[in-house]
There are 2 protein chains.
Amino acid sequence: MGKKRNLYLQTIPVEEAREKYLSAVSRIIDVKFETIDVIDSLDRVTAKAVYARYSSPLFNASAMDGIAVKAADTSEATETNPVILSEDQYVVVDTGDPIHPPCDAVIMAEDIVETDEGVRINASAHSWQHIRPIGEDIVSGEMILPSSHKIRPIDIGVLLSAGILKIDVVKKPEVAIFPTGTEIIEPDAEIEDGSIIESNSRMFENMVTVAGGIGHRFPPIIDDYEQIRDQVSAAVDTHDMVIVNAGSSAGTEDFTVHVLRELGEVLVHGVAVKPGKPVILAIVRGKPVIGLPGYPVSAYIGFENFVTPIIQMMAKRTEKLTETVEAHISKRLVSSLKHKEYVRVKVGKVGDKFVAAPLARGAGAAMSLVRADGFCVIDQSSEGVEAGEKVNIDLYRSRNEIENTVVIIGSHDLILDVIADIMPNKYRNMFVSSTHVGSMGGLMALRRGEAHMAPIHLLDEATGEYNVSYIKKMFKEPMALIKGVHRIQGIMVKKGNPLGIKGIADLAASGGSIRYVNRQRGAGTRVLFDYRLKKENIDPSSITGYDREMATHMAVAAAVASDGADAGMGVLSAAKAMELDFIEVGPEEYDFAIPAEYLQLPHIKAFIEILQSEEFRGRIEELGGYSAENAGKIIMI
Amino acid sequence: MGKKRNLYLQTIPVEEAREKYLSAVSRIIDVKFETIDVIDSLDRVTAKAVYARYSSPLFNASAMDGIAVKAADTSEATETNPVILSEDQYVVVDTGDPIHPPCDAVIMAEDIVETDEGVRINASAHSWQHIRPIGEDIVSGEMILPSSHKIRPIDIGVLLSAGILKIDVVKKPEVAIFPTGTEIIEPDAEIEDGSIIESNSRMFENMVTVAGGIGHRFPPIIDDYEQIRDQVSAAVDTHDMVIVNAGSSAGTEDFTVHVLRELGEVLVHGVAVKPGKPVILAIVRGKPVIGLPGYPVSAYIGFENFVTPIIQMMAKRTEKLTETVEAHISKRLVSSLKHKEYVRVKVGKVGDKFVAAPLARGAGAAMSLVRADGFCVIDQSSEGVEAGEKVNIDLYRSRNEIENTVVIIGSHDLILDVIADIMPNKYRNMFVSSTHVGSMGGLMALRRGEAHMAPIHLLDEATGEYNVSYIKKMFKEPMALIKGVHRIQGIMVKKGNPLGIKGIADLAASGGSIRYVNRQRGAGTRVLFDYRLKKENIDPSSITGYDREMATHMAVAAAVASDGADAGMGVLSAAKAMELDFIEVGPEEYDFAIPAEYLQLPHIKAFIEILQSEEFRGRIEELGGYSAENAGKIIMI
């Protein structure tokens, strides 16, 4: 408990840290060049201007199929007074053929008539007509490409036709990447208690590629000061840049900052950004060395803020790697003046505007980076944004994909994954994204115009009917219900049901020995559970774990499969996926609420076709617990 | 002359041709998959959905540094009534450490006090506080990526941490590329009269890469029916697609269409597009085979219209490869209803709008593709656009580069190349582009707001002063003149001056035996030449070639160096570059006219700094014929 922890020297604003570090590095780095074959130079950056060796065309060339003539020989020719050219007065040429003196004009094939005496022309030719003069396209000695130009396919064509076979380009910076940590293991290693699979370094390696460098990932180093120091020191001599991950924080075994202070100069330790504070920006023997935090989201943000600009500077690349769109934020985001904050958002195009829905703000959830489409960046000087406000989103999924995605917000079911898988496979350039906030949350999002549709399973206790009455109550505009599936809800328990649970009543009767795990408020499954408790007159507070909430069926199933819980409510498919036992509670209807106007969109039509398809029915049969007789039917509301 | 030419069956609109061909190909192609290592999967496309093998976290993990406890043991703790936990009631944990039963909560290190009896806490812990439950990020069995997803660095990280080491991805289509033509030579071959350096195939190879395939370029085939047929036929069996270039036209030696009719089915021959009509779209034994025209611009447009979409379809890629911006077109463009037209444009950002200046419309000029930044596409249904009208431009240079480019339109001089080379090298993310339309053309463009500055060398005959009076006459707003260089104009003649030319008078006196080549109207050099002719009382019509106009000093120099001309006016540096003799006419002032408001822009400031730099002075000294004492000085007008 009393182990010593590092203290950050200070945390400074992101922009200040970047400016300080970039200007320090720019003073010491040495952009390196190399000579490569032009045919291999795609996407490389020119080291210096390139000048043409040859002119193009290489000679005065015919621009037409026809005959080459001396213009002076034709000057008398008119419609009424044609001129006949004898064989020694013309040369037959095809487009591109060279024109030699004394010829100085070309007459098109269409404008001549062959006769026994020679070729007849009805009009004079002016000199240089239909001739592409030498160097019309490129003159030898002319600059073809300036320095620092990223080479495109068309540039390669032009370079070759100008006689350039080799080209000097900027050498890609070589970046050493060291994963560190005693608890981390390689992805293919045996998993033990407490193991963390090392994956940041591979993410970095590929981010280096995208930024224009070459990443070299080293095997993990254990938390040992000397080992880290010696390996980093050696890599500084053989690489252009070094990344150490993690150990950049202020924990008891976070050696990186001490190592870098011994080896060189630490310019920045700690940046006012959330997530991603523990960043170390150092220079060791003239090379940039950066320590990045271990949590994947922090690592990603630290890399984008500090590593990418350094690599781009060394590689002389200037591309903006992320696209920015203006979107309406779906809920209020409060942020501190103590830091700049990066909030992951899911982005969708609904109607004619982009909408951004914030996701979880924890730093550990790498999957949330995959699920998200971009960041809403809240400046340090801002205390946050209000719901509905326009914000700029830095996208890391392509805008084209986002514009062609069906945005689904609502209750979670595994069939959403199945549809998301089938969609882009069957329908070119169409995608599905889903966010899981429960049925009621989905309808609220739909009402705010943040989604195309909301999957719901809401029982109207009065009528026994599902879904329709809720939509009627909440919406004024014309709506529709796309019928989905019947699915079976039940209590998931550990394999073999070791606690002998038979139904909901047992959960309360256990006197606390059965640890339940619940769904969040607003989830249809929570509504169903609460309805059953009320019907059976059970007090929720008698159920241990009633307050522990999970957002998806799979999260509940995973908790039950682990040490942490004994029972939870969910669908049969989730129980099957986690190999749990299942105590059936009853079937329910899982459908899609949608504003009627969206039914005409091509990707919504594709969605409905999928629900009706044999492939979909086959896939959900594999999952188990579903029936789909009405899937894809539309009820106008 | 009487050789037979092919007839196009018909020419059909681009969209109709593409739709017809894509739907035919989509019915026959078979998307292929392959299994690769996840660490090598950047930018590849998933063949099917990927599901997590492991949950993440793999276990219930501490989210903080602190102690793991049983929440029930802490329920009595308050500020006034602290609880002491004995050593067997807690476990010290760091962030990420596993939490085992009976512990079910974590208390942060900051919230505990170590005492001799044990650890003192002042508040109760609720169960599951500061614990990341198993599967919080990813639950095993959950879908991580859908099918047809392009893999990003973050995806690679998540796949590895979910225990996925191998992944099924779409195989990149393999595309055979055949250059054909008896006159074409390899770029490293000896150049003979009539040789054309083959470079389209290398452009295609790299365009295939960009579209998501793998290009295989074959050595050139001569214009021989059997050779083309046999090689294409063999390639169809070993590749996913074949491109034949050229021979797609209707010339006497254009065999491609006949070969493809013998081998398979020609769906389209001839598309209503300019440039790029001679396109052949065929299917041979279930594989797409495309014939493309030989002129580089036509070839590029044909590839983008027909090859790129087929490769993307086979590779399951959906990226839009070109960005579109809205720009004001600088001059009227007339187009025929007979075809869709692609007009190359230079694009600049001047003030707050994009401006697009059309370039030459010929199909032969590959360099014009390099000089241009994109296409203004005029639909077949349109007769053209008016000057100043807003048009959409498909960019093939990055928008970021365009936004950071100094746009120069006006008189040509080699020092513009020097500045364009220095700029991006010294100033990160700043570029120079120049278009050569002569001094007066430059001032007109400046007045229309199409350029940041206009390089001019206009002598006021009344005062003997250069440039200033012209600017005063033409502009009302505050203007400035950035002083450039003094340069020497003269008559360029062939090396050794075989015709013994001594000055301008000799050009007229030769009785037509000296072939002159002129600059275009509005060029400062043309103004100077006409001024001298007037002064010496020479009638322009007495000069052979007075009507033959070239747009740059280098083009004139190249013409004089070739068979085609004997003399032309230009600057000493151009004569030196082409190793010509030079008869001095006199010095002149070459400066930059600029609206005063632009002087504050960062890239204009950089431009001025370059003019004042030692590097610039050194570089123009190498060129010869310049002096730069006042370069970079600013005269407010």
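Treat the numbers as computed from the prediction; the structure is a model and nothing was measured. (Residues numbered from 1 in each chain as written. Chains lettered and ligands numbered in written order. Predicted model: local features only at pLDDT ≥ 70, side-chain atom pairs only at ≥ 80, totals over all residues. Heavy atoms only, no water.)

Visitor: Even after reading the chapter, I still don't get the overall build of chain A, so can you show me in this structure?
Guide: Across its full length, chain A carries 17 helices and 38 strands. For a compact globule of 637 residues, the expected C-alpha radius of gyration is about 26 Å, and chain A comes in at 35 Å, more than 25% above that figure. Considering only C-alpha atoms, chain A reaches an extent of 115 × 70 × 45 Å along its principal axes. Evaluated residue by residue, chain A yields a buried proportion of 60% over its 637 residues. (Helix = DSSP H or I, 4+ residues; strand = E, 2+ residues; numbered from the N terminus. Rg over C-alpha atoms; globule rule 2.2 N^0.38 Å. Buried < 20%, exposed > 50% of the residue type's maximum accessible area, 1.4 Å probe, protein only.)

Visitor: What am I meant to see in unusual backbone geometry here?
Guide: For residues other than glycine, phi is negative in most cases, and the peptide bonds are mostly trans. Of the consecutive residues S56 of chain A and P57 of chain A, the connecting peptide bond is found in the cis state with omega at -5 degrees. The topology assignment puts P57 of chain A in the loop between β2 (50-51) and β3 (61-62). Each neighbour pair has its own omega, and for K274 of chain A with P275 of chain A the value is -10 degrees, a cis peptide bond. Relative to the helices and strands, P275 of chain A resides in the loop between β19 (273-274) and β20 (280-284). In this structure, E579 of chain A takes a positive phi of about 55 degrees despite not being glycine. Inspection of the secondary structure puts E579 of chain A in the loop between α15 (572-577) and β36 (581-595). For E579 of chain A, a relative accessible area of 56% corresponds to the exposed category. For W128 of chain B, which is not glycine, the phi torsion reads 75 degrees and is therefore positive.

Visitor: Quick question: what am I supposed to make of helix α1 (residues 14-28) of chain B here?
Guide: Because an α-helix completes one turn every 3.6 residues, residues spaced three or four positions apart along the sequence face the same direction. With 15 residues, α1 of chain B should reach 21 Å at 1.5 Å per residue; the first-to-last C-alpha distance of 21 Å fits that figure. Residues of α1 of chain B that are buried in the fold lie against β18 (265-269), β19 (273-274), β20 (280-284), β21 (287-292), α6 (296-315) and β24 (340-350) of chain B. (Expected span 1.5 Å × (residues − 1). Contact = heavy atoms within 4.5 Å.)

Visitor: How should I be thinking about the packing of aromatic side chains in this particular structure?
Guide: The geometry of an aromatic ring pair comes down to the distance between the two centres and the angle between the two planes. One pass over the full model with this rule turns up 22 aromatic pairs over all chains. When the ring of Y342 of chain A is compared with that of F375 of chain A, the centres are 5.4 Å apart and the planes differ by 90 degrees; the resulting orientation is edge-to-face. With Y342 of chain A in strand β24 (residues 340-350) and F375 of chain A in strand β26 (residues 374-378), this pair connects stretches of sequence that are 33 residues apart. Here Y342 of chain A matches F375 of chain A in class, with each residue buried. Pairing F204 of chain B with F303 of chain B gives two aromatic rings, centres 5.4 Å apart and planes at 15 degrees, and the pair type is stacked. (Phe/Tyr/Trp six-rings, centres within 6.5 Å; stacked < 30°, edge-to-face > 60°.)

Visitor: Before we go on, may I ask you to explain the sheet that holds strand β18 (residues 265-269) of chain A in this structure?
Guide: Each strand in a sheet pairs with another by means of backbone hydrogen bonds, the pair being arranged parallel or else antiparallel. Residues and elements named next belong to chain A. Strand order across the open sheet formed by six strands is β16-β13-β17-β21-β20-β18, with mixed pairing between neighbours. Edge positions in the sheet fall to β16 (214-217) and β18, since each has one partner strand and no second. Direction aside, neighbouring strands of the sheet carry axes that sit 20 degrees apart on average. One ladder, built from four bridges, connects strand β17 (residues 241-245) with strand β21 (residues 287-292); its direction is parallel. (Pairing = 2+ DSSP bridges. Axes fitted to C-alpha atoms, helices over the stretch in contact; angles between N-to-C directions.)

Visitor: Looking at this structure, how should I read the sheet that holds strand β5 (residues 83-85) of chain A?
Guide: All names here are of chain A. What the three strands build is an open sheet, ordered β5-β9-β8; its pairing is antiparallel. Taken across any chain shown, the strands that pair with only one partner, and hence form the sheet edges, are β5 and β8 (112-114). Strand-to-strand twist across the sheet, computed as the mean angle between neighbouring axes with direction ignored, equals 30 degrees.

Visitor: Whenever I open this one, the relation of the copies chain B and chain A confuses me. Can you help?
Guide: Put simply, the two copies of the chain differ by a rotation about an axis and a shift along that axis. In screw terms, the move from chain B to chain A is a rotation of 180 degrees and a rise of 0.0 Å along the axis, fitting with an RMSD of 0.1 Å. Look at the turn and shift together and you get a two-fold axis relating the two. When C-alpha positions in chain B are compared against the rotation axis, the closest is assigned to E323 of chain B, at 5.7 Å. An overlap of 98% is found between the interface residues of chain B and their copies at the interface of chain A, pointing to a shared contact surface. (Least-squares fit on C-alpha atoms with pLDDT ≥ 70 in both.)

Visitor: Help me out: how do you make sense of the confidence of the model for chain A in this one?
Guide: Note: predicted coordinates in regions of low pLDDT should not be interpreted at a detailed level. All names here are of chain A. Across chain A, pLDDT averages 91, with 97% of residues at or above 70. Overall, residues 1-5 carries pLDDT values under 50, and its contacts beyond four positions in sequence, including any with other chains, amount to 14 contacts. Both confidence scores are given for the complex: pTM 0.90, ipTM 0.89. (pLDDT = per-residue confidence, 0-100.)

Visitor: Hey, could you run me through the pattern of salt bridges in this one?
Guide: One pass over the full model with this rule turns up 73 salt bridges over all chains. K171 of chain B is the partner of E174 of chain B in a salt bridge, and the nearest nitrogen-oxygen pair spans 3.8 Å. One salt-bridge network, in which partners are shared between bridges, spans E323, K349, R399 and E403 of chain A. (Salt bridge = Lys/Arg side-chain N within 4 Å of Asp/Glu carboxyl O.)

Visitor: What is the right way to read the pairing of strand β22 (residues 323-329) of chain B from this model?
Guide: Within a regular strand, the side chains alternate between the two sheet faces. All names here are of chain B. Two elements, β22 and strand β28 (residues 390-395), share six bridges in a ladder whose sense is antiparallel. Looking across to β28, one finds that E323 is bridged to L395. Alignment of β22 against strand β25 (residues 353-358), held across two bridges, turns out to be parallel. The partner of H328 across the bridge, within β25, is V355.

Visitor: Help me understand the side chain of N497 of chain B, please; the structure alone is not making it clear to me.
Guide: Residue and element names in this part refer to chain B. Secondary-structure assignment places N497 in the loop between β32 (479-493) and α12 (504-509). For N497, the side chain forms a polar contact with the main-chain oxygen of I501, separated by 2.8 Å. Among all residues touching N497, those that are not within four sequence positions of it are D581 and I583. (Polar contact = N/O pair within 3.5 Å; in protein donor to acceptor, adjacent residues only side chain to side chain.)

Visitor: What should I look at first to understand the interface of chain B and chain A in this one?
Guide: Interfaces are often sized by the amount of accessible area the parts lose when they come together. Contacts between chain B and chain A engage 110 residues on the former and 111 residues on the latter. Carbon and sulfur atoms make up 61% of the area that chain B and chain A hide from each other, which totals about 9400 Å². Across the contact surface, chain B and chain A share two salt bridges. The partner of E142 of chain A in a salt bridge is R371 of chain B, with the nearest N and O atoms 2.8 Å apart. When residues in the side of chain B that touches chain A are grouped by element, the largest group, eight residues, is from helix α2 (residues 153-161) of chain B. (Buried area = accessible area lost by both parts, 1.4 Å probe.)

Visitor: What's the story with the pairing of strand β25 (residues 353-358) of chain A in this structure? I'm lost.
Guide: Residues and elements named next belong to chain A. In terms of residue burial, β25 counts as a mostly covered element, since five of its six residues are buried. One ladder, built from six bridges, connects β24 with β25; its direction is antiparallel. Bridge pairing in β25 places K346 opposite A357. Adjacent in sequence and paired antiparallel, β24 and β25 are bridged by two residues, among which G351 carries a positive phi angle near 65 degrees.

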